[in-house]
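# A closer look at the structure
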Amino acid sequence: MARVNPEFATELTKYGISDFKACYNCGNCTAICSLSTEENSFPREMVRCSTLGLEDDIKASLKPWLCYYCGECSSNCPREAKPGELMMSLRRWLTAAYDWTGLSGLLYKSLPLSITAFVLVAAAVIGFSISEGFNLEKIMHVGHYFEMIAIAAVFAIILLPNLIRMWYFVILKPKVKVPFKKYVTSLGELFIHMFTQKRSLGCDDNQVRWFEHFILVIGYLALLFTTVFLDWFSATNLFVIVLGYVESAIIFVVTIDFVSSRIKKKKEVSKNSQPSDWFFVIWLLLMGLTAFIVRMFIDIHIIENNIWMYLFHLIVLAQWALIIVPFGKWTHFLYRSFAMYMAKLKEA
Ligand code: SF4
Ligand code: SF4
């Protein structure tokens, strides 16, 4: 029997949503959602499960990941119960539920704790630089290897076990039978959604937002490849140097637009930003900007006298890799892609 948690609604408020209990179950939101289907009907059902505290059913559901937060349902809810924002809060709650370390939940729920984590990582980078006597060459060398090791370690120690937990909640625990062959033949679904997020095109008038997300994902992955594998800051190859400039500029320009729409709050989707949303866009923006400036300082030969700029970039990078990627909003990108994959598996 599904476990009922009477405190679930209160718990969910810590993840961003406040007044979803005003819902009187009219179904307008589901009728208006262009991504809701007969087999996967939402968001009304998720509002209902949340009101009743059906925690296990929510953990086993992929529906929060099938929503792309266009905000249409919230704009048309007669009770102003914000079903779109509820779906977003459920994604945050699920991220915490999948995370075996428990840190995602703690960071989502406590802003002081998040700030402390950012400060501690910054202090560690500065402490390391002091111990190295601010030797730029050494710090850049370690910074380069840090990227590689951090990516591998975060994936192996945090993200992979969390994905296995997600699979356990969605497939194994509810005893969904999936033939092994289906795991292999559905892999295409995973990569298509990871790189294109094409499902979001199903939301009305979402082409511009989809395109921005698309070039951001491509720009981000390409910059990661360029800095980690092509060692951009040490590169002498003109093509690699120009490529890095273009990629960091793309990240900077697109995230400027994201930050400005969150400040203006004109669209439903940008009205309810939580600290984790701000951290994500601001750190992405800082990564693009600082990477661009560091490379420029290298090219005009002033980096030796401005080591602070590289340290600033390294702090942003370390905070991104150790806080936002494993425990913050970055994980939504990963879980959503795997949700599409698991939805395909469930079809079997
Ligand atoms: S969330 Fe709003 S639109 Fe959806 S069922 Fe409840 S009252 Fe109706
Ligand atoms: S925010 Fe958009 S995609 Fe998500 S449930 Fe509402 S209408 Fe559907």
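The structure contained in this document is the topic of the report that follows. (Residues numbered from 1 in each chain as written. Chains lettered and ligands numbered in written order. Predicted model: local features only at pLDDT ≥ 70, side-chain atom pairs only at ≥ 80, totals over all residues. Heavy atoms only, no water.)

Within the structure, ligand 1 sits among 13 residues, and Cys23, Cys26, Gly27, Cys29 and Cys77 are positioned closest to it. Here the shell around ligand 1 is built from residues that sort into eight nonpolar, three polar and two charged. (Near = heavy atom within 4 Å. Nonpolar A, V, L, I, M, F, W, Y, C, P; charged D, E, K, R; others polar.)

For side chains of opposite charge, pairing can occur when their charged atoms come near one another. Counted under the stated rule, the structure contains nine salt bridges. The closest approach of N and O atoms between Arg92 and Asp277, which form a salt bridge, is 3.1 Å. One end of the pair, Arg92, is in helix H7 (residues 83-98); the other, Asp277, is in helix H15 (residues 275-299), and 185 residues separate them in sequence. Comparing Arg92 with Asp277 shows no difference in burial state: the two are buried. As a salt-bridge pair, Lys138 and Glu132 come within 3.6 Å of each other at their nearest N and O atoms. Taken together, the shared-partner salt bridges in this structure form one network comprising Glu85, Arg92, Asp277 and Lys329. (Salt bridge = Lys/Arg side-chain N within 4 Å of Asp/Glu carboxyl O. Helix = DSSP H or I, 4+ residues; strand = E, 2+ residues; numbered from the N terminus. Buried < 20%, exposed > 50% of the residue type's maximum accessible area, 1.4 Å probe, protein only.)

On to the side chain of His332, then. By the secondary structure assignment, His332 is in helix H17 (residues 330-347). Here His332 is in contact with Trp65, Met88, Arg91, Arg92, Thr95 and Tyr108, once residues within four sequence places are set aside. (Contact = heavy atoms within 4.5 Å.)

A few words on the packing of helix H13 (residues 207-228) against helix H14 (residues 238-264). In the contact formed by H13 and H14, the axes pass within 9 Å of each other and the chain directions differ by 140°. In terms of axis orientation, H13 runs oblique to H14. Here H13 runs over H14; the crossing is left-handed. Here Glu212, His213, Ile215, Leu216, Gly219, Tyr220, Ala222, Leu223 and Thr226 of H13 lie close against H14, whose contacting residues are Val240, Leu243, Gly244, Glu247, Ser248, Ile250, Ile251, Val254, Thr255, Asp257 and Phe258. By residue class, the composition of the contact of H13 with H14 is 11 nonpolar, six polar and three charged. (Axes fitted to C-alpha atoms, helices over the stretch in contact; angles between N-to-C directions. Parallel < 35°, antiparallel > 145°, perpendicular 65-115°, else oblique. Left-handed = near helix turned anticlockwise from the far one by under 90°.)

What follows covers the environment of Tyr220. With respect to the secondary-structure elements, Tyr220 resides in helix H13. A relative accessible area of 12% means that Tyr220 is categorised as buried. Each C-alpha atom, one on Tyr220 and one on Ile115, is 24 Å from the other, the two residues being 105 residues apart in sequence. The contacts of Tyr220, once residues within four sequence positions are left out, are Ile251, Leu284, Met287, Trp320, Val325 and Trp330.

All right, on to the packing of aromatic side chains then. Counted by the stated rule, this structure contains 20 aromatic pairs. Judged by centre distance (6.4 Å) and plane angle (25°), the ring pair of Tyr98 and Phe169 falls under stacked. Placement of Tyr98 in helix H7 and of Phe169 in helix H10 (residues 136-172) is noted, with a sequence separation of 71 residues between them. With relative accessibility at 9%, the residue Phe169 sits in the buried group. Here a set of aromatic residues connected by ring pairs shows up, and it is made of Trp65, Tyr98, Tyr168, Phe169 and Tyr335. Here Arg79 stacks its cationic end above the ring of Tyr24, 5.2 Å away from the centre of that ring. (Phe/Tyr/Trp six-rings, centres within 6.5 Å; stacked < 30°, edge-to-face > 60°. Lys NZ or Arg CZ within 6 Å of the ring centre and 35° of its normal.)

This part covers the nonpolar core. The biggest cluster of nonpolar side chains holds 103 residues, and the ones touching the most others in it are Met166, Tyr310, Trp320, Trp330 and Phe338. For this core, the element with the highest residue contribution is helix H16 (residues 307-327), accounting for 14 residues. Beyond its immediate stretch of four places on either side in the chain, Phe338 contacts Leu163, Met166, Leu190 and Met194. (Core = buried A, V, L, I, M, F, W, Y, C linked by side-chain atoms within 4.5 Å.)

Okay, H10 next. Between its first and last C-alpha, H10 extends 50 Å over 37 residues, near the 54 Å set by a 1.5 Å rise per residue. In H10, a bend of some 40° at Phe155 exceeds every other bend along the element. Two to three positions downstream of the cap, the backbone nitrogen of Glu137 sits 3.1 Å from a side-chain oxygen, assigning the N-cap of H10 to Asn135. (Expected span 1.5 Å × (residues − 1). Bend = angle between axes of the 7 residues up to and from the residue. Polar contact = N/O pair within 3.5 Å; in protein donor to acceptor, adjacent residues only side chain to side chain.)

Attention shifts here to the side chain of Thr226. If you trace the backbone, Thr226 turns up in helix H13. Leaving out residues up to four positions away in the same chain, Thr226 has contacts with Asp231, Trp232, Val240, Leu243, Gly244 and Glu247.

Before going further, it helps to examine empty space enclosed by the protein. Inspection of the entire model under this criterion finds three cavities of 30 Å³ or more. The calculated volume of the largest cavity comes to roughly 170 Å³. Along the wall of the largest cavity there are 17 residues; nearest its centre are Leu107, Tyr108, Ser114, Ser276 and Phe279. If you list the elements that add at least two residues to the lining of the largest cavity, you get helix H8 (103-109), helix H9 (111-131), H15 and H16. Among the residues making up the lining of the largest cavity, the classes are represented as nine nonpolar, five polar and three charged. (1 Å grid on protein atoms, 1.4 Å probe; cavity = no way out; pocket = protein on both sides within 12 Å on 5 of 7 lines; lining within 4 Å. Points joined across faces, edges and corners; volume = space filled by probe spheres on them.)

Here the largest pocket defines a volume of roughly 1,200 Å³. Lining the largest pocket are 48 residues, and of these Arg209, His213, Phe258, Arg262 and Val269 sit closest to its centre. Breaking the lining of the largest pocket down by element, the ones donating at least two residues are helix H6 (72-75), H7, H13, H14, H15 and H17. Looking at the lining of the largest pocket element by element, the count peaks at 10 residues for H13. Tallied by class, the residues present in the lining of the largest pocket amount to 18 nonpolar, 13 polar and 17 charged. Reported here for the second largest pocket is a volume of approximately 580 Å³. Around the second largest pocket, the lining is made up of 26 residues, and of these Ile151, Tyr220, Leu224, Val325 and Trp330 lie nearest the centre. Looking at the lining of the second largest pocket, the elements with two or more residues in it are H10, helix H12 (187-196), H13, H15, H16 and H17. Element by element, the count of residues in the lining of the second largest pocket is highest for H10, at seven residues.

Any link to function would need more than the numbers given here.
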